[in-house]
Amino acid sequence: MTSFARRAERVQPSAIREFLSLAADPAITSFAGGYPDPRMFPIDELHKIYDDLLTPGNAAALQYAASDGLPELRALVAARLTADGMKCTADDVLITQGGQQGLDLTAKLFVDAGDVIVTERPTFLGALIAFNPCEPDYRSVPMDEEGMDMDALEEVLRTTERVKLIYTVPDYQNPTGRTLSLARRQRLVALAEEFDVVVLEDTPYRELRYEGERLPTIKSLDTTGRVVHLGSFSKILAPGLRLGWVLAEPEVREKLSLLKLAADTQNGTLNMRAAAAYLTNFDIEGHIASMLPVYRHQRDLMLSTLAEAFPSGISWTNAHGGLFTWVTFAEGFDMAAFQRDVLIPRAGVIAVPGAPFYAVDPEPNHARMSFSGIPDDRLVAGVRAMGALLHEAL
Ligand SMILES: Cc1ncc(COP(=O)(O)O)c(C=O)c1O
C-alpha cells in the first residue's frame, strides 16, 4: 500500500498483543496481562442498575448525550476529584473512553510531528501507542525508587527544543509499580513552569494503594493550569465500561471536547448512566476498600515467592500499589529470547519482556510481571518454575 498517510508508519502491532493471545490459553500461567481481577467487578450491583435502566419508560438511557459526557456523571467525577485535592466543577471534567482516550486526545491537541514528548524510562506502552500517530520525537528520563529523576529531566528540558509534553504515571506506574515522591512532584511542577511545558498526569492505579501514604496529585500542585490530569474507572469499577476522565483548564478542556466530538461523538449513554447510578446508589469507596486486601495479598505472595525462587543478582520493585512489579536481570540478559526459547516451551509461563516499554533505547533485560487475578497456587508454581529455569540459565 502506498496511499497510507505518513502517520500510519507509526501505527504498528503492539509487542504485547501476541502475549495477550497466549495468555488466553488455559495451559499458560500468565503474569503478562495486568487486567484487573474480574472477581472484583461489582456484577450484582451493575446487573441491577442495567435492569433498571433498560425499562420502557427510560429510553433516554439509549439516546444521544452531550459529547462532554453525561452532566451528572461529570459532576460526580468532579466531586471525587475535589475530595482528592483537585478543586473543580463538572465543567472542568471531560468523560472519555477510558484513560486511553485521554492520552490520544491530549497528544492530538499539543503534539505536531517532530515535537518532543518526554516519558519516564520505562513508560506505559499504551501511551506510546496513543502518541505515535502524532509523529513525536521522544526523550526518556531514568527512574529510581522515587520515580522520574528530576535532575535528568531538567537536563533534558535544558538541552531539547520543542518539548511539548512530559508524560508521567506518578502512582504505582505501569510497568514499574513505582511512585513519584512528593518532593519530585513539586519539582516537576516547577520545572514544567520554568520550561513552559504541559504535564500529562495519568492516574489509573491511584486508588489501588496497599501501603505508604497517599500523595497529592501533580494536578493538585499545579497553580498555572499546565497539568492535564487523566483518570479511569477501569481499575475501580470495570474496564469494559470504557469510562475515564480528563481534568484540565477550561481552554484545554474545551479543545479536548471538540477533539472527542470528532473522534467518537460521545461515550455510550448507557454506560455513563450506569456509572452515575453506581456512584449515586452504591458505595464506591467501600468497593475500592474491599479490593485492596485481595490485591495486597497477591502482591505480597508474588514478592515473597520471587525472593524465595529467583537467583541472586535479579532485582524487582516493591510496588506500593497497582498491579505490577518490574524485574531487572543482569545486563546482557535478553528476556524476550529467554521467554521464547525457555520459559514458554519448558514452563508454560509468560511475563512481558521489558523492551517495548521504552520510548527510546529499549533495554532487553527486564520483565513486567502482574500479580493480578492469578490463583495463589498458580502464582507460586509459575514464579517457582521461572526461578528454576533462571537458575539453570544463569
Ligand atoms: C498507565 C495507564 N494509563 C492508561 C491506561 C488505560 O486504561 P483505560 O483506558 O482502561 O482507562 C492503562 C491501562 O492499563 C494504564 O496502565
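Keep in mind the model is a prediction, meaning the values are calculated, not measured.

Here is what the cut-offs are and how they apply
Residues numbered from 1 in each chain as written. Predicted model: local features only at pLDDT ≥ 70, side-chain atom pairs only at ≥ 80, totals over all residues. Heavy atoms only, no water. Helix = DSSP H or I, 4+ residues; strand = E, 2+ residues; numbered from the N terminus. Buried < 20%, exposed > 50% of the residue type's maximum accessible area, 1.4 Å probe, protein only. Areas by Shrake-Rupley, 256 points an atom, 1.4 Å probe, with all protein chains shown as cover. Lys, Arg positive; Asp, Glu negative; His and termini not counted. Charge placed at Lys NZ, Arg CZ, Asp CG, Glu CD. Pairing = 2+ DSSP bridges. Right-handed = clockwise from strand over helix to strand, strands pointing away. Phe/Tyr/Trp six-rings, centres within 6.5 Å; stacked < 30°, edge-to-face > 60°. Core = buried A, V, L, I, M, F, W, Y, C linked by side-chain atoms within 4.5 Å. Domains from an automatic or database assignment. Contact = heavy atoms within 4.5 Å. Axes fitted to C-alpha atoms, helices over the stretch in contact; angles between N-to-C directions. Near = heavy atom within 4 Å. Polar contact = N/O pair within 3.5 Å; in protein donor to acceptor, adjacent residues only side chain to side chain. Nonpolar A, V, L, I, M, F, W, Y, C, P; charged D, E, K, R; others polar. Parallel < 35°, antiparallel > 145°, perpendicular 65-115°, else oblique. Left-handed = near helix turned anticlockwise from the far one by under 90°.

1. Overview of the overall build of the protein chain
Inference 1: Within the protein chain one finds 13 helices and 14 strands.
Inference 2: A principal-axis box enclosing the C-alpha atoms of the protein chain has dimensions of 65 × 55 × 50 Å.
Inference 3: The buried share among the 394 residues of the protein chain stands at 55%.
Inference 4: When the accessible surface of the protein chain is totalled, it reaches about 16800 Å², and 53% of it is carbon and sulfur.
Inference 5: When the 37 basic and 53 acidic side-chain charges of the protein chain are each reduced to a single mean position, those positions are 2 Å apart.

2. Some details on unusual backbone geometry
Inference 1: The amide bond that connects Arg 121 to the next residue, Pro 122, takes the cis arrangement and shows omega of 10°.
Inference 2: Here Pro 122 is to be found in the loop between strand S3 (116-121) and helix H5 (125-131).
Inference 3: The omega torsion of the bond from Asn 174 to Pro 175 falls at 15°, within 30 degrees of zero and hence cis.
Inference 4: Phi is positive for Tyr 172, close to 50°, though the residue is something other than glycine.
Inference 5: With respect to the secondary-structure elements, Tyr 172 resides in the loop between strand S6 (163-168) and helix H7 (182-195).
Inference 6: Judged by its relative accessible area of 5%, Tyr 172 is buried.
Inference 7: The residue Thr 265 is not glycine, and still its phi comes out positive at about 70°.

3. Some remarks on the pairing of strand S4 (residues 137-144)
Inference 1: Here S3 runs beside S4; their pairing, made up of six bridges, is parallel. Within S4, the residue paired with Arg 121 across the bridge is Pro 142.
Inference 2: After leaving S3, the chain enters H5 and then returns to the sheet as S4, a path that is right-handed.
Inference 3: Bridge analysis of S4 against strand S5 (residues 147-148) gives two bridges, and the strand direction is antiparallel.

4. Thoughts on the packing of aromatic side chains
Inference 1: This structure, assessed with the given rule, holds 10 aromatic pairs.
Inference 2: Taken together, a centroid distance of 6.3 Å and an interplanar angle of 50° make the contact between Trp 326 and Tyr 358 tilted. Taken together, the residues span a long stretch of sequence, with Trp 326 in strand S11 (residues 324-328) and Tyr 358 in the loop between strand S13 (352-353) and strand S14 (366-370) at a distance of 32 residues. Across this residue pair, the class does not change: Trp 326 and Tyr 358 are buried.
Inference 3: The structure contains a cluster of three or more aromatic residues connected by ring pairs, namely Trp 326, Phe 357 and Tyr 358.

5. Here's the deal with the nonpolar core
Inference 1: Within the largest apolar cluster, 67 residues are counted, with the highest numbers of intra-cluster contacts made by Leu 73, Phe 233, Phe 310 and Phe 329.
Inference 2: In terms of domain composition, this core takes at least three residues from each of domain 1 (6-42 + 286-393) and domain 2 (63-281).
Inference 3: Those residues in contact with Phe 329 that sit more than four places away from it in its chain are Phe 310, Ile 314, Met 335, Asn 365, His 366, Ala 367, Met 386 and Leu 390.
Inference 4: If you look at the next biggest cluster of nonpolar residues, it comprises 26 residues, including Leu 103, Phe 110, Val 111 and Leu 200.

6. Overview of the sheet that holds strand S7 (residues 198-202)
Strand pairing in a sheet relies on backbone hydrogen bonds. The paired strands run either parallel or antiparallel.
Inference 1: Spatial strand order, S2-S9-S8-S7-S6-S3-S4-S5: eight strands in an open sheet with mixed pairing. The two strands at the open ends of the sheet, each matched to only one other strand, are strand S2 (93-96) and S5.
Inference 2: Judged from the four bridges that link them, S6 and S7 form a sheet pairing that is parallel. Within S7, the residue paired with Leu 165 across the bridge is Val 198.
Inference 3: Packed onto the sheet, helix H6 (residues 150-159) meets S3, S4, S5 and S6 and runs at close to 160° relative to S4.

7. Focus: the site of the ligand
Inference 1: In the region of the ligand, 13 residues are neighbours, and Gly 99, Asp 202, Tyr 205, Ser 232 and Ser 234 sit closest.
Inference 2: Contact between the ligand and Asp 202: a nitrogen atom at 2.5 Å from a side-chain N or O atom of the residue.
Inference 3: In this structure, an oxygen atom belonging to the ligand sits 2.5 Å away from a side-chain N or O atom of Ser 232.
Inference 4: Surface burial for the ligand is 90%, taken as the share of its 390 Å² of free accessible area covered by protein chains.
Inference 5: The biggest single contributor to the shell around the ligand is helix H4 (residues 98-110), with three residues.
Inference 6: Partitioning the shell around the ligand into residue classes produces four nonpolar, six polar and three charged.

8. Looking at the pairing of S3
Inference 1: Counting buried positions along S3 yields six of six residues, so the element is predominantly enclosed.
Inference 2: Pairing of S3 with S6 involves four bridges; the strand directions are parallel. By the bridge assignment, Ile 117 is partnered in S6 with Leu 165.

9. Structural notes on the sheet that holds S14
Inference 1: If you walk across this open sheet you meet the four strands as S10-S11-S14-S13, and the pairing is antiparallel. Edge positions in the sheet fall to strand S10 (315-316) and S13, since each of these pairs with one other strand and no more.

10. Some words on the packing of helix H2 (residues 43-53) against helix H10 (residues 269-281)
Inference 1: It is at 10 Å that the axes of H2 and H10 come closest, and there the two elements cross at 120°. Looking at the two axes, H2 sits oblique to H10. The interaxial crossing formed by H2 with H10 has right-handed handedness. Residues Glu 45, Leu 46, Ile 49, Tyr 50 and Leu 53 of H2 form the contact with H10, whose own contacting residues are Leu 270, Asn 271, Arg 273, Ala 274, Ala 277 and Tyr 278.
Inference 2: Each residue belonging to the contact of H2 with H10 can be placed in one class, and the counts come to eight nonpolar, one polar and two charged.

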